[in-house]
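Coordinate analysis (summary)
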Amino acid sequence: MKLLNLRNFITGNVVALAALFSMGAQAEDTAQLIKQGEYLSRLGDCMACHSLPGKPDYAGGLAIESNLGIIYSTNITPDKKFGIGNYSEQQFSDAVRKGILPNGSRLYPAMPYPDYAKISDADIHALYVYFMQGVKPAAVAAPETRLSFPFNQRWGMRFWNWAFTSDQPFQPIGGASAEVNRGAYIVESLGHCGSCHTPRSITMNEKTLDSSESTFLAGGELNGWPVPSLRGMPRWSEQEIVDYLQTGRNAKAAVGGEMTSVVEHSSSHMSEADLKAIAAWLKFLGGNPALSREEVQKVETTAAKLSAAKNLTEGERLYLDNCNACHFVNGKGAPGVFPELDQASIVNAESPVGLIHTILAGAQQPSTAKAPSTLAMPGFANRLSDEEVAQLATFIRQGWSNTAPAVTSKQVSEVRKGLKQGE
């Protein structure tokens, strides 16, 4: 009898210990998934669109400008009334990858689900665990999106999705390294880089969703700003791409416009390995050649004329008075501090809006872990007239080896009006 009791005692304790070990393992797995999901949310830049300063993280309410009107981001905290707390994992996946809510209504593609469609099942699972268990619920009602007719008819998105989205998973690039394919996966899916850097058709869809076609990442326009092509990158090394994504600056350029938020909330939080993978993939697409002999000669000619400061045009004079101290006569700026103007994508873009906006309003680089200092360029809206800004911008777009079209005072006036309306 005593032997039986001893056996039961031992068996019971073994079972109890096994249960405790199992619970501990499950808790460890959940903690790891939450950590992984948090990192993936940074890759997907969820914070930038679904958070507002002074409000709980992911509580939504950001007003997103689109050609259809203002679209407000939703509350994606696990709050059961105002957020996604009642979503099953399948419903979460359908919302993220297909733009379909649990009640059957359709999201607008301001939510980049056409790109998120390529997120792997494993990453979707980690994201779901993070948002359900790693994010604090926020009982905050985000403003409701109210577009005018016919864009308020969300059922119509069913046909748009049928025509312009795909449910195909990420397709690795044959013959490419594991690093290059990791970069391609991030860019095409969670990074949703194509949603800004790929041109759109008249029907508002991205012309292509992967690198199999040359229009992918070939540049476009966002809220009036020119968005540069990422194909080949403009004479940047892989390390310069990493530096730019990690800190918002490198030896040639500094971040501006919508990309400032991307660096602040997303790419500056990426691992070194993932940043290198992105850089490797972008360089895999092909690079741009070095400056030709004629282009080098033009750079030297511009620098020499500015240095001599004789027989200057109005644009050249304005450059010496307002820009030379930081960007210098050769237009090269200071590596990691003041960006280059020669060959800069914002300078050579077909649309001069980005350059005009920067001259008028200035710019400020974000503070990141690897580059905590915030460097700012002052705006010249109160100092220069529309005509002066036009002359200055024209010189910058046509000086050194730049070959962009001239800028008119009317174009400057339109940008200035937009700045005043946004105040």
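The structure under discussion appears in the preceding block.
Anyway, here's the lowdown on the structure attached to this text. Note that the structure is a prediction, hence the values are computed from the model and not measured.

This part covers the overall build of the protein. Scanning the protein from N- to C-terminus turns up 18 helices and six strands. Judged by the C-alpha coordinates and their principal axes, the protein covers about 110 × 50 × 40 Å. Relative to its 423 residues, the protein shows a buried fraction of 42%. With the model as given, the accessible surface of the protein reaches about 21800 Å², and the carbon-plus-sulfur share is 57%. Here the protein carries 37 positive and 41 negative side-chain charges, and the mean point of each set is 3 Å from the other.

Attention now goes to the environment of Glu-388. Relative to the helices and strands, Glu-388 resides in helix H17 (residues 386-398). Between the alpha carbons of Glu-388 and Val-412 there is a distance of 9.5 Å; along the sequence they are 24 residues apart. Setting aside anything within four residues of it in sequence, one finds Glu-388 in contact with Glu-314, Leu-318 and Arg-383.

Further remarks concern unusual backbone geometry. Non-glycine residue Met-204 carries a positive phi angle of around 75 degrees. Among the structural elements, Met-204 can be located in the loop between helix H8 (194-197) and strand S3 (220-222).

In this description, a pair of aromatic rings is defined by centroid distance and the angle of the planes. Applying the stated criterion across every chain yields a total of 13 aromatic pairs. Ring plane angle 90 degrees and centroid distance 6.2 Å describe the contact between Trp-155 and Phe-159, whose orientation is recorded as edge-to-face. Given the relative accessible area of 57%, Trp-155 is considered exposed. Members of the aromatic cluster, each reached through a chain of ring pairs, are Tyr-58, Phe-92, Tyr-128, Tyr-130 and Phe-131.

With that settled, the discussion passes to the pairing of strand S2 (residues 69-72). Consecutive side chains of a regular strand alternate in pointing toward one face of the sheet and then the other. The sheet contact formed by strand S1 (residues 63-66) and S2 spans four bridges and is antiparallel. Along S2, the bridge assignment pairs Ala-63 with Tyr-72. Taking the residues between adjacent antiparallel strands as the criterion, S1 and S2 are bridged by two residues.

One way to put it is that helix H13 (residues 314-322) packs onto H17 with a least axis distance of 8 Å and a crossing angle of 90 degrees. For the element pair H13 / H17, the angle class is roughly perpendicular. Contacts between H13 and H17 pair Glu-314, Gly-315, Glu-316, Leu-318 and Tyr-319 from the former with Glu-388, Gln-391, Leu-392, Phe-395 and Ile-396 from the latter. In terms of residue class, the contact of H13 with H17 is built from five nonpolar, two polar and three charged.

Further remarks concern the pattern of salt bridges. Inspection of every chain in the model, using the stated rule, returns 14 salt bridges. Salt-bridge contacts for Asp-121 lead to Arg-97; the nearest nitrogen and oxygen are separated by 2.9 Å. In this pair, Asp-121 is assigned in helix H5 (residues 121-133) and Arg-97 in helix H3 (residues 89-98), connecting sequence segments 24 residues apart. A relative accessible area of 56% means that Asp-121 is categorised as exposed. Taking the shortest distance from any N to any O, the salt bridge between Asp-386 and Arg-416 comes out at 2.6 Å. A residue pair is termed long-range when its members are at least 10 positions apart, and Asp-386 in helix H17 and Arg-416 in helix H18 (residues 409-421) qualify at 30 residues. Judged by relative accessible area, which is 21%, Asp-386 ranks as partly exposed.

Reading guide: rules and limits
- Residues numbered from 1 in each chain as written.
- Predicted model: local features only at pLDDT ≥ 70, side-chain atom pairs only at ≥ 80, totals over all residues.
- Heavy atoms only, no water.
- Helix = DSSP H or I, 4+ residues; strand = E, 2+ residues; numbered from the N terminus.
- Buried < 20%, exposed > 50% of the residue type's maximum accessible area, 1.4 Å probe, protein only.
- Areas by Shrake-Rupley, 256 points an atom, 1.4 Å probe, with all protein chains shown as cover.
- Lys, Arg positive; Asp, Glu negative; His and termini not counted.
- Charge placed at Lys NZ, Arg CZ, Asp CG, Glu CD.
- Contact = heavy atoms within 4.5 Å.
- Phe/Tyr/Trp six-rings, centres within 6.5 Å; stacked < 30°, edge-to-face > 60°.
- Pairing = 2+ DSSP bridges.
- Axes fitted to C-alpha atoms, helices over the stretch in contact; angles between N-to-C directions.
- Parallel < 35°, antiparallel > 145°, perpendicular 65-115°, else oblique.
- Nonpolar A, V, L, I, M, F, W, Y, C, P; charged D, E, K, R; others polar.
- Salt bridge = Lys/Arg side-chain N within 4 Å of Asp/Glu carboxyl O.

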